[in-house]
Amino acid sequence: MAVAVDLVIFTVRDGRLHVLLIERGNMPHRGEAALPGGFVRDGEALDATARRELREETGVVGDTLHLEQLHAYGAPERDPRGRIVSIAYLALGPDLPTPKAGTDAAAAHWTPVSSILHGQVTLAFDHEQILRDGLERARSQLEHTTIAAAFCKEPFTIADLRQIYEAVWGVPLDPSNFRRKVMKTDGFVVPIGERRLPEVGRPAGLFRRGPAETLTPPLMRSGNVGLR
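We now turn to the structure provided with this report. (Residues numbered from 1 in each chain as written. Predicted model: local features only at pLDDT ≥ 70, side-chain atom pairs only at ≥ 80, totals over all residues. Heavy atoms only, no water.)

## Focus on the overall build of the chain
A count of helical and extended segments in the chain gives five helices and nine strands. Secondary structure elements of the chain, listed N to C terminal, follow the sequence β-β-β-β-α-β-β-β-α-α-α-α-β-β. The C-alpha atoms of the chain give 19 Å as radius of gyration, which agrees with the globular expectation for 228 residues (17 Å, within 12%). Expressed along its principal axes, the backbone C-alpha trace of the chain runs to roughly 55 × 35 × 35 Å. (Helix = DSSP H or I, 4+ residues; strand = E, 2+ residues; numbered from the N terminus. Rg over C-alpha atoms; globule rule 2.2 N^0.38 Å.)

Below, the structure is given as structure tokens:
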């Protein structure tokens with residue numbers, strides 16, 4: 001039995017949630033879209049494999065990303081090469097750069113998550129299920145933790161933070177209500193004493209991520225969640 005690592009890497013680009021995909025350069029599923037990943041080497045820790053594969057297959061350096069284990073996938077038929085157990089990781093980062101393919105990836109690119117959920121893009125292996133699980137984890141994390149700030153380049157405005165929630169949850173949020181909830185949560189964001197001058201409208205206060213890790217009370221999403 002072999003052990004592999006697969007990566008669900010989310011970022012928000014142009015107001016939409018994107019996931020990093022590669023075009024497979026080797027069999028099986030050569031030429032098909034897939035999540036980046038690869039096999040764990042002898043003596044290598046799982047986290048180290050995740051960061052190595054991210055760097056080798058896409059050119060993205062994972063040291064600055066939020067990275068956490070998502071789930072293990074081990075169905076006997078998931079890979080035609082034999083029994084392979086994959087440890088999936090969820091990674092989040094702010095407006096990440098255009099990736100560069102390497103090693104066994106023929107190409108690497110950001111893809112709107114909605115195009116996968118709506119069947120416009122299909123993924124190799126069981127990677128769509130891994131993606132859906134990663135999406136649900138990210139949505140839940142936004143309810144109960146301050147991880148949304150990991151999507152934002154500092155400094156950011158409350159509107160920037162709201163757009164992250166809207167992109168991940170796929171629903172519009174009331175600006176005034178959202179701002180009130182964020183500002184009432186101790187340690188969620190910290191003002192830096194500066195303002196951003198927009199082309200239209202009033203100057204917006206700038207913030208950085210605060211020390212809090214959990215949201216009490218949580219910021220609950222609405223009942224119907226989708227992706228634009």
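Let's pick the thread back up.
## Quick word on the nonpolar core
If you look at the biggest cluster of nonpolar residues, it comprises 43 residues, and the most contacted ones within it are Val8, Phe10, Val19, Phe151, Leu161 and Tyr165. Of all the elements in the fold, those that place two or more residues in this core are strand S1 (2-13), strand S2 (16-24), strand S5 (66-73), strand S6 (84-92), helix H2 (113-117), helix H3 (127-144), helix H4 (158-169) and helix H5 (175-184). By residue number, the principal contributor to this core is H4, which donates seven residues. Those residues within four positions of Phe151 in sequence are excluded, and the remaining contacts are Phe10, Thr11, Val12, Leu17, Leu92, Gly93, Pro94, Asp95, Leu142, Ile164 and Val168. Listed in part, the 14 residues of the second largest apolar core include Leu54, Leu65, Val85 and Tyr89. (Core = buried A, V, L, I, M, F, W, Y, C linked by side-chain atoms within 4.5 Å. Buried < 20%, exposed > 50% of the residue type's maximum accessible area, 1.4 Å probe, protein only. Contact = heavy atoms within 4.5 Å.)

## Brief notes about the packing of H4 against H5
Packing of H4 against H5 leaves a shortest axis separation of 10 Å and a crossing angle of 105°. In terms of axis orientation, H4 runs roughly perpendicular to H5. Across the interface between the two elements, Ile158, Leu161, Arg162 and Tyr165 from H4 touch Pro175, Phe178, Arg179, Val182 and Met183 from H5. Of the residues that constitute the contact of H4 with H5, the class distribution is seven nonpolar, no polar and two charged. (Axes fitted to C-alpha atoms, helices over the stretch in contact; angles between N-to-C directions. Parallel < 35°, antiparallel > 145°, perpendicular 65-115°, else oblique. Nonpolar A, V, L, I, M, F, W, Y, C, P; charged D, E, K, R; others polar.)

## Regarding the environment of Val40
The topology assignment puts Val40 in the loop between strand S4 (37-39) and helix H1 (46-58). Exposure remark for Val40: the relative accessible area of 24% places this residue in the partly exposed category. Look past the residues within four positions of Val40 in its chain and what remains in contact with it is Val3, Ala4, Val5, Leu46 and Thr49.

## Thoughts on the side chain of Asp6
With respect to the helices and strands, Asp6 occurs in strand S1. Using a relative accessible area of 7% as the deciding quantity, one classes Asp6 as buried. Beyond its immediate sequence surroundings of up to four residues, Asp6 is in contact with Leu35, Pro36, Gly37, Arg78, Ser86, Ile87, Ala88, Tyr89, His127 and Ile130.

## Thoughts on the packing of aromatic side chains
Counted according to the given criterion, the structure contains two aromatic pairs. Measuring from centroid to centroid gives 5.0 Å for Tyr165 and Trp169, while their planes differ by 75°, and the two rings are edge-to-face. Within this pair, Tyr165 and its partner Trp169 are both found in helix H4, separated by four residues, close to a single helical turn. Like Tyr165, the residue Trp169 is buried in the burial classification. Members of the aromatic cluster, joined through ring pairs, are Tyr165, Trp169 and Phe178. (Phe/Tyr/Trp six-rings, centres within 6.5 Å; stacked < 30°, edge-to-face > 60°.)

## Overview of the environment of Arg221
Its place among the elements puts Arg221 in the segment after strand S9 (204-209). C-alpha of Arg221 to C-alpha of Leu173: the two residues are 48 residues apart in sequence and 9.1 Å apart in space. Apart from residues no more than four positions distant in its own chain, Arg221 is found in contact with Glu136, Arg139, Ser140, Glu143 and Trp169. Of the polar contacts made by the side chain of Arg221, one reaches the side chain of Glu136; its length is 2.7 Å. (Polar contact = N/O pair within 3.5 Å; in protein donor to acceptor, adjacent residues only side chain to side chain.)

## Section: the pattern of salt bridges
Within the structure shown, the criterion is met by eleven salt bridges. Between Arg52 and Glu53 there is a salt bridge whose closest N-O contact spans 3.1 Å. Like Arg52, the residue Glu53 is buried in the burial classification. Where Arg196 meets Asp160, a salt bridge forms, and the shortest distance between an N and an O atom there is 3.1 Å. On the criterion of sequence distance, the pair formed by Arg196 in strand S8 (residues 189-196) and Asp160 in helix H4 is long-range, its members being 36 residues apart. Where salt bridges share partners, they join Asp6, Arg78 and Asp126 into one cluster. (Salt bridge = Lys/Arg side-chain N within 4 Å of Asp/Glu carboxyl O.)

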